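# Structure assessment
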Amino acid sequence: MVIYQLKDGSERRVDVPAGHSVMLGAVQNDLPGIDAECGGCCACGTCHVYVDPAHYGRLPAVEAMEDDLLSGVAAGRQATSRLSCQITMTPALDGLVVRMPERQG
Amino acid sequence: MAEGLVIVGGSYAALHMAQGARENGYGEAIRLISDEPWLPYQRPPLSKGFLAGKIERDALALKGEAFYRDNGIEVLLETRVSAIDRQARTVTTAAGANLRYDGLGLALGARPRLLKIAGADLDGVFYLRSLADTLALRERLARPLSIVVIGGGFIGLEVAASLATLGHRVSVVEALERLMARVLPPVLSDFMAQMHRGRGVEVRLSAGVQEIKGDGAGRVASVLCSDGSELAADIVVAGIGVVPETGLAAAAGLACRDGILVDDAARTADPAIVAAGDCVRYPSAFTPDPCRLESVQNASDQGRAAGAALAGKPQAYRAVPWFWSDQYECKLQMAGLSPGHDRLALRGAMAGGRFSLFYFRAGRLVAVDTVNRPGEHLLGRKLLAAGASLTPEQAADESFDLKALLAA
Ligand SMILES: Cc1cc2nc3c(=O)[nH]c(=O)nc-3n(C[C@H](O)[C@H](O)[C@H](O)COP(=O)(O)OP(=O)(O)OC[C@H]3O[C@@H](n4cnc5c(N)ncnc54)[C@H](O)[C@@H]3O)c2cc1C
Ligand code: FES
């Protein structure tokens, strides 16, 4: 399960199957706040999320391409910024909390 | 206004038209009609991750069913529209049903250009446009094969990269003297050719294809090149471009010229009909003549504009064109339109595999291509959107801060 904090302050809990990305969980459940224009190809930077600081350490490290793309995201990069298409769900990530940024484009 | 909208097509442009109409307050019924058996899905992975087996089938859907339900979008699948009657404002399906519309959106896309050589209809010749195409190809890939890709454009090269990565023996045959000649400058074509060769792909340039030879039992056996050489082949994949789907529109009397002609708000000359995506030619601020683009960005953004027009709130479509292609570990991204440039500046070192090319026409920045620099791609799009003034010398100087141009 992933907990998405939406821009209006509400929270949505979604069962994202292992192997699916956190981006896909949002898009396929029609959660507002993630555009994912490139569909997860790490090419657009419109699937940006802020990972809850308490959870950030649970994620595998940011790879070079994601790191480069994060430098250009619209809402501004923060310490726990990630691209949700690059976070693949595993049982170990159950309960992950992410927040949608102010804007994606 | 009780008949609502009919949107013909089942992909990016169609989906974004429906969404654009709703976002602009359209309240009547919306029916989306697609001849495919699936809800709109992503096409880029069909030659990349999905072909290579890295992405699952259920990860391809553009939206979940909830989206269509929540937005009151009725989707009719496996339904082909065969005619438009503009007087009566109806579309006719292949099964003979008539559907009335107040507004009609055409999001018909494009179909692969077919090979016109002997042997083109042999078993084992593939084109890649739809999920069905890729599924059929994937079924044949269980054992290592010799594969000949005809066409060194984006799709051909992505297919070559995916199949080579899977361990197949791949050759690419390109008629022109360099790869992706339509959209890339020679330096990048050479870079891509070198990369493919480095992965064991045989790249044949300036090479025509004369015939596909069969094995006598109706299956592909080899590809005969115009220079007389022959390449053994279990499978042939042709990626020689696409043809826009204009038949329906032309038959209904709408103006077409290698694309349905629309204005900058995606409207045809018929006030009830809009069109968007691969099937459309439109006036762009980024080219001197009306252009037809084949990209997710164009289908999505122009689709949104078309949806707004259907809702009675037309808005100009002016987004910066962008595109990407993944081949092996190389992420090529393009912003703006580079054809017609008169100067080019390299930022970074090509040898390192991370660099950008900045294109200028008459002193103005017109396009930015990046290789493995997605952040600079986003920056390039912003610079183009802002019409930032930048010189080739500044672009080539890595110590020059491009971001500063935006703050100014
Ligand atoms: C293998 C592949 C890889 C690609 N990779 C990239 C990439 O990396 N980046 C990128 O930006 N772009 C890429 N593209 C291009 C991109 O997918 C297209 O530009 C985009 O799909 C265009 O969307 P569209 O909605 O205009 O048309 P299409 O996607 O072609 O969809 C048209 C739809 O209309 C349906 N249809 C047509 N006629 C009728 C009818 N008469 N009745 C009912 N339904 C009809 C079709 O079946 C189809 O579902 C790729 C394309 C392919 C094929
Ligand atoms: S969806 Fe485009 S970068 Fe994540």
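What you see is a predicted model, and the numbers here were worked out from it, not measured in a lab. (Residues numbered from 1 in each chain as written. Chains lettered and ligands numbered in written order. Predicted model: local features only at pLDDT ≥ 70, side-chain atom pairs only at ≥ 80, totals over all residues. Heavy atoms only, no water.)

### Structural notes on the overall build of chain B
Helix and strand counts for chain B stand at ten helices and 25 strands. Taken against the 2.2 N^0.38 rule, which gives 22 Å for 408 residues, the C-alpha radius of gyration of chain B at 22 Å falls within 12% of a compact globule. Taking the principal axes of its C-alpha atoms as reference, chain B extends roughly 65 × 60 × 35 Å. Buried positions account for 56% of the 408 residues belonging to chain B. Looking at chain B as shown, the accessible area adds up to about 16900 Å², and 50% of this sits on carbon and sulfur atoms. Considering chain B, the positive charge centre built from 44 side chains and the negative charge centre built from 45 side chains are found 3 Å apart. (Helix = DSSP H or I, 4+ residues; strand = E, 2+ residues; numbered from the N terminus. Rg over C-alpha atoms; globule rule 2.2 N^0.38 Å. Buried < 20%, exposed > 50% of the residue type's maximum accessible area, 1.4 Å probe, protein only. Areas by Shrake-Rupley, 256 points an atom, 1.4 Å probe, with all protein chains shown as cover. Lys, Arg positive; Asp, Glu negative; His and termini not counted. Charge placed at Lys NZ, Arg CZ, Asp CG, Glu CD.)

### Structural notes on helix α8 (residues 374–386) of chain B
All names here are of chain B. In this model α8 runs 19 Å from its N-terminal to its C-terminal C-alpha over 13 residues, within 8% of the 18 Å that 1.5 Å per residue would give. With respect to burial, α8 is a largely interior element, ten of its 13 residues being buried. Those residues of α8 that sit buried are P374, G375, E376, H377, L378, L379, G380, R381, L383 and L384. Positive phi appears at G387, one or two residues downstream of α8, with a value of about 60 degrees. (Expected span 1.5 Å × (residues − 1).)

### Concerning unusual backbone geometry
Residues and elements named next belong to chain B. One non-glycine residue, A266, adopts positive backbone phi at about 70 degrees. Note on A266: relative accessible area 1%, which makes it buried. Non-glycine residue A362 carries a positive phi angle of around 50 degrees. Its location among the elements puts A362 in the loop between β24 (354–361) and β25 (364–371). Classification of A362 by relative accessible area gives exposed; the value is 68%.

### Some words on the site of ligand 1
All names here are of chain B. Ligand 1 sits among 33 residues. The nearest are D35, E36, R43, K48 and R129. Residue A107 places a main-chain N or O atom 3.5 Å away from an oxygen atom belonging to ligand 1. Note that an oxygen atom of ligand 1 is positioned 2.9 Å from one of the backbone N or O atoms of S295. Computed on the free molecule, ligand 1 has an accessible area of 1000 Å², of which 96% lies beneath the protein chains in the complex. Elements that contribute at least two residues to the shell around ligand 1 include exactly α1 (12–23), α7 (296–310) and β21 (322–327). For the shell around ligand 1, the residue count by class is 16 nonpolar, nine polar and eight charged. When residues are assigned to domains, the shell around ligand 1 turns out to be shared by domain 1 (5–111 + 243–310) and domain 2 (114–238), each giving three or more. (Near = heavy atom within 4 Å. Polar contact = N/O pair within 3.5 Å; in protein donor to acceptor, adjacent residues only side chain to side chain. Nonpolar A, V, L, I, M, F, W, Y, C, P; charged D, E, K, R; others polar. Domains from an automatic or database assignment.)

### Some details on the sheet that holds strand β22 (residues 330–336) of chain B
All names here are of chain B. With antiparallel pairing, the five strands of this open sheet are ordered in space as β21-β22-β25-β24-β23. Only two strands of the sheet have a single neighbouring strand rather than two, namely β21 and β23 (343–349). Shown here is a sheet whose adjacent strand axes are inclined to one another by a mean of 15 degrees, direction ignored. In this sheet, β25 lies alongside β22 in antiparallel orientation, the contact comprising five bridges. Within β25, the position partnered with M334 by the bridge is D369. (Pairing = 2+ DSSP bridges. Axes fitted to C-alpha atoms, helices over the stretch in contact; angles between N-to-C directions.)

### Brief notes about the environment of G103(B)
Residue and element names in this part refer to chain B. If you trace the backbone, G103 turns up in strand β7 (residues 103–106). Accessibility expressed as a relative area gives 5% for G103, which makes it buried. Between the alpha carbons of G103 and L114 there is a distance of 33 Å; along the sequence they are eleven residues apart.

### Regarding the pattern of salt bridges
Residue and element names in this part refer to chain B. This structure, assessed with the given rule, holds 27 salt bridges over all chains. The salt bridge partner of R281 is D258, with a shortest N-O separation of 2.9 Å. Separated by 23 residues along the polypeptide, R281 in strand β20 (residues 280–281) and D258 in the loop between α6 (247–251) and β18 (260–261) bring together distant segments of the chain. With relative accessibility at 45%, the residue D258 sits in the partly exposed group. Across the pair E376 and R373 runs a salt bridge, and its minimum N-O distance is 3.2 Å. Of the residues examined, R373 reaches a relative accessible area of 8% and is grouped as buried. (Salt bridge = Lys/Arg side-chain N within 4 Å of Asp/Glu carboxyl O.)

### Brief notes about the pairing of strand β2 (residues 11–14) of chain A
Residue and element names in this part refer to chain A. In this sheet, β2 lies alongside strand β1 (residues 2–5) in antiparallel orientation, the contact comprising four bridges. Its bridge partner being in β2, Q5 is matched across the sheet by E11. Between β1 and β2, which pair antiparallel and follow one another directly, the connecting turn spans five residues, one of which, G9, has a positive phi of 95 degrees.

### Remarks on the domain arrangement of chain B
What the domain assignment lists for chain B is domain 1 (5–111 + 243–310), domain 2 (114–238) and domain 3 (329–407). The centre of domain 1 of chain B, based on its C-alpha atoms, is set 32 Å off from the matching centre of domain 3 of chain B.

### Notes on the packing of α1(B) against α7(B)
Residues and elements named next belong to chain B. Two elements in contact, α1 and α7, have axes separated by 6 Å at closest approach and are oriented at 35 degrees. Considering how the two elements wind past one another, α1 and α7 form a crossing that is right-handed. Between α1 and α7, the residues in contact are Y12, A13, H16, M17, Q19, G20, A21 and E23 and V296, A299, S300, G303, R304, A306, G307 and A308, respectively. Its residues assigned to classes, the contact of α1 with α7 comprises eight nonpolar, six polar and two charged. (Left-handed = near helix turned anticlockwise from the far one by under 90°. Contact = heavy atoms within 4.5 Å.)

### Some points on α1(B)
Residues and elements named next belong to chain B. The terminal C-alpha atoms of α1 lie 16 Å apart, and with twelve residues this matches the ideal 16 Å at 1.5 Å per residue to within 8%. Counting buried positions along α1 yields eleven of twelve residues, so the element is predominantly enclosed. Those residues of α1 that sit buried are Y12, A13, A14, L15, H16, M17, A18, Q19, G20, A21 and R22. In the segment just after α1, G25 is the residue with positive phi, at about 85 degrees.

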